[in-house]
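# An overview of the molecular structure
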Amino acid sequence: MRVLAAFIAFCMAVPSAYAIETKDLIGNWRLVTATRLLVDSNEVINAYGGPKPTGWLNYSPDGRVMVVIAHEGRKKPVSNDKMTDEDRIGLHKSLVAYAGTFSFDGKNVTHNIDTSWNEVWSGTSQVRNAEYKDNKLIISTPPFRFNVDGKMSVVTLTYEKTSVNTELGGWPRSVGSPPNM
């Protein structure tokens, strides 16, 4: 009985975070949560419009990365042909999207951006801390001035890997059936 108790105590003491390798990043990741730490006050708030923005992160075996994040509660215009400039501005401000190449050193992932929704980012390298914990990929920025309010912030994005549904031709299970094409 003491051996069992000691074994259980040992298992509970083992950290849930562990080192990851580049191969562990490969695949599609669905955004679960997005938080923003305000460095000056140590307050944690929702990032990207609320507690449940939608988003995807893809690391491909050929070294490409693609990221898209849409804020929670984005306003849907009536239609494309009736979209106003105000609608377009709102949609632009409530989206993060970019693509490029990536490298990983075991702790930090570097996104070398060649295409971005925000041309300020095109041609830059964005370095993020990457950690795998409790079956989730946690990506955190270094402290930076948030573009909306200028406050020093750390954004933490938590992703879960999608499994591939081979019955649907490789379509991710978390999405459901593929669209008709």
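Structure: above.
Residues numbered from 1 in each chain as written. Predicted model: local features only at pLDDT ≥ 70, side-chain atom pairs only at ≥ 80, totals over all residues. Heavy atoms only, no water.

### Describing the nonpolar core
Using the following cut-off: Buried Ala, Val, Leu, Ile, Met, Phe, Trp, Tyr and Cys residues form a nonpolar core when they are joined through side-chain atoms within 4.5 Å. For each residue, the accessible area found with a 1.4 Å probe, counting protein chains only, is set against the maximum for its type, and the residue is called buried under 20%, exposed over 50%, and partly exposed in between. A helix here means a DSSP run of H or I that spans at least four residues, while a strand means a run of E at least two residues long, and both kinds are numbered starting from the N terminus. We call two residues in contact when some of their heavy atoms are within 4.5 Å.
Within the largest apolar cluster, 26 residues are counted, with the highest numbers of intra-cluster contacts made by Leu-57, Tyr-59, Leu-137 and Tyr-159. Elements that contribute at least two residues to this core include exactly strand S2 (27–38), strand S4 (54–59), strand S5 (64–70), strand S6 (95–104), strand S7 (108–116), strand S8 (125–133), strand S9 (136–140) and strand S11 (152–161). Among the elements that take part in this core, S6 stands out by supplying 4 residues, more than any other. Dropping the residues within four chain positions of it, Tyr-159 is found in contact with Trp-29, Arg-30, Leu-31, Val-32, Trp-56, Leu-57, Val-67, Ile-69, Lys-136, Leu-137 and Ile-139.

### Here's the deal with the pattern of salt bridges
Defined as follows: By salt bridge we mean one thing: a side-chain nitrogen of Lys or Arg within 4 Å of a carboxyl oxygen of Asp or Glu.
Evaluated as defined, the whole model comprises 6 salt bridges. A salt bridge links Lys-23 to Asp-24; its shortest N-O distance comes to 3.5 Å. Relative accessible area serves as the criterion here: at 25%, Asp-24 is assigned to the partly exposed category.

### Points about the layout of surface pockets
Vacant regions in the atomic arrangement are exposed by a probe of water-molecule size rolled over the atoms. For the record, the criterion: Whether a set of points on the 1 Å grid over the protein atoms alone is a cavity depends on a 1.4 Å probe fitting there but being unable to get out, while an open set qualifies as a pocket with protein on both sides within 12 Å along at least five of seven lines; lining residues are those with an atom within 4 Å of a point. Grid points are joined across faces, edges and corners, and a volume is the space filled by probe spheres set on the points. Each residue is assigned to one of three groups, with Ala, Val, Leu, Ile, Met, Phe, Trp, Tyr, Cys and Pro labelled nonpolar, Asp, Glu, Lys and Arg labelled charged, and all others, Gly among them, labelled polar.
Its boundaries defined by the atoms lining it, the largest pocket holds a volume of some 730 Å³. Lining the largest pocket are 33 residues, with Tyr-48, Val-96, Trp-117, Trp-121 and Asn-147 sitting closest to its centre. Counting only elements with at least two residues in the lining of the largest pocket, the list comes to S5, helix H3 (85–93), S6, S8, strand S10 (144–145) and S11. Across the lining of the largest pocket, the residue classes tally to 19 nonpolar, 10 polar and 4 charged.

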